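What the coordinates show
Read off the chains here:
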Amino acid sequence: MDQEVVALLEAQGGAGAVHQLLGAGCSRRTVERLVRTGVLVRVRRDALVLATALRGITPWERRALRARAVGFSLAHPRGGADPAVHALSHQSAFAVREQPYGGGGEDIHLSRLDGHRGRRDGAVWVHAPVPATWAAEEDGLLVVHPAMAALQVAAASGPESGLICLDGVLHSAALADAEAHGQGIDVVRRGGVPPGREMVRVGRQLEAALSAGFGRGRPAAEQVVEAADARSESPGESRSRWLVEVLGLGPCTPQFAVRDGSVLVGYADLKLDRWAVLLEFDGSVKYSGLDDLLSEKEREDRLRELGYEVVRITWADLARPHLVRQRILAAIARAEARRAVPG
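What comes next is a walk through the structure. It should be emphasised that the depicted structure is a prediction, and the values quoted were computed from it without experimental measurement.

So, how was this worked out
- Residues numbered from 1 in each chain as written.
- Predicted model: local features only at pLDDT ≥ 70, side-chain atom pairs only at ≥ 80, totals over all residues.
- Heavy atoms only, no water.
- Helix = DSSP H or I, 4+ residues; strand = E, 2+ residues; numbered from the N terminus.
- Buried < 20%, exposed > 50% of the residue type's maximum accessible area, 1.4 Å probe, protein only.
- Areas by Shrake-Rupley, 256 points an atom, 1.4 Å probe, with all protein chains shown as cover.
- Lys, Arg positive; Asp, Glu negative; His and termini not counted.
- Charge placed at Lys NZ, Arg CZ, Asp CG, Glu CD.
- Pairing = 2+ DSSP bridges.
- Core = buried A, V, L, I, M, F, W, Y, C linked by side-chain atoms within 4.5 Å.
- Contact = heavy atoms within 4.5 Å.
- Expected span 1.5 Å × (residues − 1).
- Axes fitted to C-alpha atoms, helices over the stretch in contact; angles between N-to-C directions.
- 1 Å grid on protein atoms, 1.4 Å probe; cavity = no way out; pocket = protein on both sides within 12 Å on 5 of 7 lines; lining within 4 Å.
- Points joined across faces, edges and corners; volume = space filled by probe spheres on them.
- Nonpolar A, V, L, I, M, F, W, Y, C, P; charged D, E, K, R; others polar.
- Disulfide = S-S within 2.5 Å.
- Phe/Tyr/Trp six-rings, centres within 6.5 Å; stacked < 30°, edge-to-face > 60°.

Per the secondary structure count, the chain includes 14 helices and 13 strands. Considered along the principal axes of its C-alpha atoms, the chain spans approximately 85 × 50 × 40 Å. Among the 343 residues that make up the chain, the fraction classed as buried is 46%. Summing over all exposed atoms, the chain offers an accessible surface of approximately 16,700 Å²; the carbon and sulfur share of this is 52%. Distance between charge centroids for the chain: 6 Å, based on 43 positive and 43 negative side chains.

Next up, the structure:
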């Protein structure tokens, strides 16, 4: 029976629930033995993950695995006339979809679908109820729709975290619509995607979510809807854009097309609209060799030859906004000085 248990959980991405194993003919004694011997790891009473699935994974992957386990325990479609009670929501909805998100810590987030009050139980945070129409079945789990989950994140964790989520949702929708029109990512970067099925769907979800209220979190949700941009291509870019706005140095344009006459040189992550200053987010700050370093330097040299100042931002920099502000202000000063020079 041990191999059957492992096979069932492997088929579900390494996670599952005790009640699933019992329904498949496994005894409770066998489950407890597999937990005791380290084959299974208990996330909570009814939620399990394979120990082998936890080896060598990132913190993001671990959170997704734990969320899936709790989802199979609590956020799963029920048979017959018995309505579902929970759906994975907030950051957990993004984790199980392997979509970018921010904030949330190690908590596993769910929302009630039956109108009852939420609660916190250890690492499981059950939030206030939402309409059952907000959730859909995905890969055996009930999950809140992405756009709605993004506003949940904004209301609970703040606008920066919500912006990361909603930027990602809009970018994915715009890419899908572009592909449906036989176009690629360049049209998304230009903001030129004709409204298609996915963007219309996201718009309707946002409208329905905002009409539900969010209580004290409503201002943050509205702020995120106003600030979100489908052109943003990574959480680092979203956070950088948010920081620029918070520092009072905005507005700025994502995926700014840099041209040398009629020739497209490339796209910069952000451009300050009021100054010839480009911001480039570097999420890895690691290069495979000297060639990569030289290539990046040559690119920046060309941007400067075209009249732009370049500021690079890393993950560590985002935690030190005062230093980012100083570097941007210095770049603005250089850009202004260059513009003041005749010729």
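From this point, the narrative continues.
This paragraph deals with the pairing of strand β10 (residues 252-260). Sheet analysis places β10 next to strand β11 (residues 263-272), joined by 8 bridges and oriented antiparallel. By the bridge assignment, Pro254 is partnered in β11 with Leu270. In textbook terms, the turn of a hairpin is the stretch between consecutive antiparallel strands, and for β10 and β11 this stretch comprises 2 residues, one of which, Gly261, has a positive phi near 70°.

Here we take up the nonpolar core. Within the largest apolar cluster, 58 residues are counted, with the highest numbers of intra-cluster contacts made by Val70, Leu88, Phe94, Leu110, Leu151, Leu166 and Val202. Here the element with the most residues in this core is helix α7 (residues 159-180); it accounts for 8 residues. Ignoring anything within four residues of it in the chain, the contact list for Leu151 reads Leu166, Leu206, Ala209, Leu210, Phe214, Ala221, Val224 and Val225. Listed in part, the 18 residues of the second largest apolar core include Leu249, Cys252, Leu270 and Ile328.

With that out of the way, let us pick up helix α4 (residues 59-74). Taking 1.5 Å per residue as the helical rise, α4 with its 16 residues ought to reach 22 Å, and the 22 Å between its terminal C-alpha atoms agrees with that figure. Three or more residues of α4 are buried, namely Ala64, Leu65, Arg66, Ala67, Arg68, Ala69, Val70, Gly71, Phe72, Ser73 and Leu74.

With that settled, the discussion passes to the sheet that holds strand β13 (residues 309-313). Strand order in the open sheet formed by 4 strands is β10-β11-β12-β13, and the pairing between neighbours is mixed. Across the chains shown, the open sheet's two edge strands, defined by having one partner strand only, are β10 and β13. Shown here is a sheet whose adjacent strand axes are inclined to one another by a mean of 45°, direction ignored. The sheet contacts of helix α14 (residues 321-340) involve β11, β12 (277-281) and β13, and relative to β13 the element is tilted by about 170°.

So, about the sheet that holds strand β2 (residues 40-44). In space, the 3 strands of this open sheet follow the order β1-β3-β2, with antiparallel pairing throughout. Here the strands that pair on one side only, and so sit at the sheet edges, are β1 (15-17) and β2. Within the sheet, the average angular offset between the axes of one strand and its neighbour, ignoring direction, is 30°. The strands touched by helix α1 (residues 2-11) are β1, β2 and β3 (47-50); relative to β3, the strand with the most contacts, the crossing angle is about 95°. The strands touched by α4 within the sheet are β1, β2 and β3, with β1 carrying the most contacts at an inclination of about 25°.

Moving on: empty space enclosed by the protein. Scanning all chains against the criterion turns up 1 cavity of 30 Å³ or more. Looking at the largest cavity, the residues that line it are Arg63, Arg66, Ala67, Gln91, Ser92, Ala95, Tyr101, Gly105, Glu106, Asp107 and Ile108. Looking at the lining of the largest cavity, the elements that each hand over two or more residues are α4 and α5 (90-97). For the lining of the largest cavity, the per-class residue count stands at 4 nonpolar, 3 polar and 4 charged.

Here the focus is the state of the cysteines. Under the counting rule described, the total for this entry stands at 0 disulfides. Residue Cys252 stays outside any disulfide, its sulfur separated by 19 Å from that of Cys165, the closest cysteine. On the accessibility criterion, Cys252 (10% relative accessible area) is buried.

Across 4 bridges, the pairing between strand β8 (residues 135-138) and strand β9 (residues 141-144) is antiparallel. Note on β9: the bridge partner recorded for Ala135 is Val144. Turn length for the β8-β9 hairpin, with the two strands adjacent in sequence and antiparallel, is 2 residues, and the turn residue Asp139 shows positive phi of about 55°.

Per the counting criterion, the structure on display carries 4 aromatic pairs. Each ring, one from Trp134 and one from Phe214, has its centre 6.2 Å from the other, and the planes form 45°; the classification is tilted. You can see Trp134 sitting in the loop between β7 (124-127) and β8 and its partner Phe214 sitting in the loop between α9 (197-211) and α10 (218-227), a full 80 residues away along the chain. Centroid distance Phe281 to Trp315: 4.8 Å. Interplanar angle 80°. Geometry classified as edge-to-face. With a gap of 34 residues between them, Phe281 in strand β12 and Trp315 in helix α13 (residues 315-318) connect regions that are remote in the sequence. The exposure class of Phe281 is buried, given its relative accessible area of 14%.

Looking now at α5. Extensive coverage of α5 is indicated by the burial of 8 of its 8 residues. Among the residues of α5, those classed as buried are His90, Gln91, Ser92, Ala93, Phe94, Ala95, Val96 and Arg97.

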